[in-house]
Amino acid sequence: MKEYFARFKYLYITLVVILVVTIAATAVYMTKQKAAAANKGKRMNTECLTDERVFDYADVLTDAQEDDLRELIAEKEKKVSLDIVLVTLNEDVGSSDDALMEYADQFYEDNKFGYDKPIGDGVIYVDNYYDRYVWFGTTGIAENAYTTSAINNLLDAVCDLTDANPYEAYKTYVMQVAGYMAEREAEDSIGIMVDPFSIMIIALIVAVSYVLVNLKKQEGKRTTTASTYVERTPVMNNQVDQFMTKSVTKRKIETSSSSGGGGHSGGGGGHHVSSGGHSHGGGGRHR
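I will try to describe carefully the structure that is included in this document.

Reading guide: rules and limits
- Residues numbered from 1 in each chain as written.
- Predicted model: local features only at pLDDT ≥ 70, side-chain atom pairs only at ≥ 80, totals over all residues.
- Heavy atoms only, no water.
- Pairing = 2+ DSSP bridges.
- Helix = DSSP H or I, 4+ residues; strand = E, 2+ residues; numbered from the N terminus.
- Axes fitted to C-alpha atoms, helices over the stretch in contact; angles between N-to-C directions.
- Patch = residues over 30% accessible without salt bridge, like charges linked within 9 Å, V, L, I, M, F, W, Y side chains within 5 Å.
- Areas by Shrake-Rupley, 256 points an atom, 1.4 Å probe, with all protein chains shown as cover.
- Salt bridge = Lys/Arg side-chain N within 4 Å of Asp/Glu carboxyl O.
- Lys, Arg positive; Asp, Glu negative; His and termini not counted.
- Charge placed at Lys NZ, Arg CZ, Asp CG, Glu CD.
- Buried < 20%, exposed > 50% of the residue type's maximum accessible area, 1.4 Å probe, protein only.
- Phe/Tyr/Trp six-rings, centres within 6.5 Å; stacked < 30°, edge-to-face > 60°.
- Lys NZ or Arg CZ within 6 Å of the ring centre and 35° of its normal.

## Some details on the sheet that holds strand S6 (residues 279-286)
Here 6 strands make up an open sheet; going across it, the order is S1-S2-S3-S4-S6-S5 and the pairing mixed. Both outer strands of the open sheet, strand S1 (54-56) and strand S5 (271-273), are each paired with one neighbouring strand and no more. When the angles between neighbouring strand axes are averaged without regard to direction, this sheet yields 20°. Pairing of strand S3 (residues 122-128) with strand S4 (residues 133-139) involves 7 bridges; the strand directions are antiparallel. The residue of S4 that forms the bridge with Asn128 is Tyr133.

## As for a negative patch on the surface
Together, Glu91, Asp92, Asp97, Asp98, Glu102 and Asp131 make up a negatively charged patch on the protein surface. If you trace the backbone, Asp97 turns up in the loop between strand S2 (83-89) and helix H4 (98-110). Under the relative-accessibility criterion, Asp97 is labelled partly exposed at 38%.

## Details of the pattern of salt bridges
Taken as a whole, this structure holds 12 salt bridges when the rule is applied. Measuring nitrogen to oxygen at the nearest pair gives 3.0 Å for the salt bridge that ties Glu66 to Arg70. Of this pair, Glu66 and Arg70 both sit in helix H3 (residues 63-80), 4 residues apart, which is roughly one turn of that helix. Residue Glu66 is classed as buried on the basis of its relative accessible area of 11%. Look at Arg70 and you get partly exposed, because its relative accessible area is 27%. Put simply, Arg43, Arg53, Glu77 and Asp83 are held in one network by salt bridges that share partners.

## A closer look at the packing of aromatic side chains
Summed over all chains, the structure comprises 11 aromatic pairs. The interplanar angle of 55° and the centroid separation of 6.3 Å between the aromatic rings of Tyr125 and Tyr170 together place this pair among those described as tilted. Of this pair, Tyr125 sits in strand S3 while Tyr170 sits in helix H7 (residues 166-189), and the two are 45 residues apart along the sequence. Look at Phe136 and Tyr173: their rings are 6.2 Å apart centre to centre, the planes differ by 80°, and that puts the pair in the edge-to-face class. Highlighted residues: Phe136 in strand S4 and Tyr173 in helix H7, separated in sequence by 37 residues. Assessed through its relative accessible area of 0%, Phe136 is described here as buried. An aromatic cluster of three or more residues is present, and its members are Phe55, Tyr57, Tyr103, Phe107, Tyr108 and Phe113. Stacked on the ring of Tyr129, the Lys or Arg Arg287 has its end atom at 4.5 Å from the ring centre.

## Side note on unusual backbone geometry
A positive phi is found at Ser81, a non-glycine position, where the angle reads about 55°. Not every positive phi belongs to a glycine, and Arg132 is a case in point at roughly 60°. Counting through the fold element by element, Arg132 comes out in the loop between S3 and S4.

Quick look at the structure:
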């Protein structure tokens, strides 16, 4: 019995360690799941200076349309845990294209928007009717989530509708943000936490591998050779090939090297630090 346990002691140790790790991982997994469920949709920023999300300074929306957008934004904010801000202007904020970006950054920071904290997770769309320039700004998780192509897709969808129907354009802005962030959240959640079932599968693979390796070691060793049952010592004739002459031909093989593949553009829609010292992303264009 002692010999049996000694032979498989490493297997037992491995299984015990895996069992302990599985129990610990299960506890951590369940704790994180409960915490995520409890905090889902819960706004943590208590320092934001306003509950308003629709700032129609250009007066392109009716009161009813503004109310509809506020209601839609409130619904989507809870689902994707982002502040969603809309600003329309009809004024000269500066001659450079960066002027509207700087306006958006300052507006976001001055009001301390952010779902998780002041100047935290959120987006802002500023549409200036004075020069027809728009800026879509991202902060926090939105800054990390939005790629250049995603920003361009949003700007395409919103700008195409703005002249004909501003209300539908800004509704599209809210829906696009909510849809995109929900998709990214679903993608990012896959594989972040290893569930207990996966750990058990890994444990099973390790255990089976260990058993197979040890069975291989326990196979009987070879005790006979080719001459074991020969009555007398066999005489082995050695044959040696002897080269009488040697001729060597040399030929240079030309090789060519080529560099393949193009450069990869970085993800994200561009990042910058505002005059207030905070990181933002986003993109803009003339519509």
